[in-house]
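# Results of the structural survey
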Amino acid sequence: MAQYSNAFVLVIAFMVVFPSMVLGGTAYHVGRAADWNDHLFDYQAWAWSITFHVGDSLVFSYHADIHSIVVAANRVLYDGCSPTPNLGVYQSGYEELVLPVAGTYYFFCGNQCNQGMKFVVTV
């Protein structure tokens, strides 16, 4: 009987320490009602309002003929709106990108980055 209760305590402890890995992360719709379509929306303020965790995801919904998603490899490329090299470019109109590890992620629109359509996420 003690063997089962020790295993139960271990499972509960794991769920408390790593809830997003056990329960799955939260999906955040980028830009809320603005989606990923409005270069005047303050995406950085939106991102700052959320505490992101490993396993969370960002859901991008956008007009693929106008916008794209570039995941910049570093801050210098992000600041310069440079699309290459990168960690990924997405152009389908809908993406759900998981934040797999702790760190800083840099996102921008390939077409409207210079108009401010970009944001940074820290996990």
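Residues numbered from 1 in each chain as written. Predicted model: local features only at pLDDT ≥ 70, side-chain atom pairs only at ≥ 80, totals over all residues. Heavy atoms only, no water.

## Some points on the overall build of the chain
- Along its length, the chain carries 4 helices and 7 strands.
- Within the chain, buried positions represent 37% of all 123 residues.
- Taking the intrachain contacts of the chain between residues at least 6 apart in sequence as the baseline, contacts between residues at least 24 apart amount to 66%.
- Of the roughly 7200 Å² that the chain leaves accessible, carbon and sulfur atoms contribute 61%. (Helix = DSSP H or I, 4+ residues; strand = E, 2+ residues; numbered from the N terminus. Buried < 20%, exposed > 50% of the residue type's maximum accessible area, 1.4 Å probe, protein only. Contact = heavy atoms within 4.5 Å. Areas by Shrake-Rupley, 256 points an atom, 1.4 Å probe, with all protein chains shown as cover.)

## Side note on the environment of Ala72
- Within the secondary structure layout, Ala72 lies in strand β3 (residues 69–72).
- Distance from Ala72 to Asn86, taken between C-alpha atoms, is 4.7 Å for residues 14 residues apart in sequence.
- Residues contacting Ala72, with those up to four places away along its chain left out, are Leu77, Tyr78, Leu87, Tyr106 and Phe108.

## Some remarks on the confidence of the model for the chain
- With 81% of its residues at a pLDDT of at least 70, the chain reaches an overall mean of 86.
- Below a pLDDT of 50 lies the segment residues 4–20, which in the model reaches 8 contacts outside its immediate sequence neighbourhood of four places, other chains included. (pLDDT = per-residue confidence, 0-100.)

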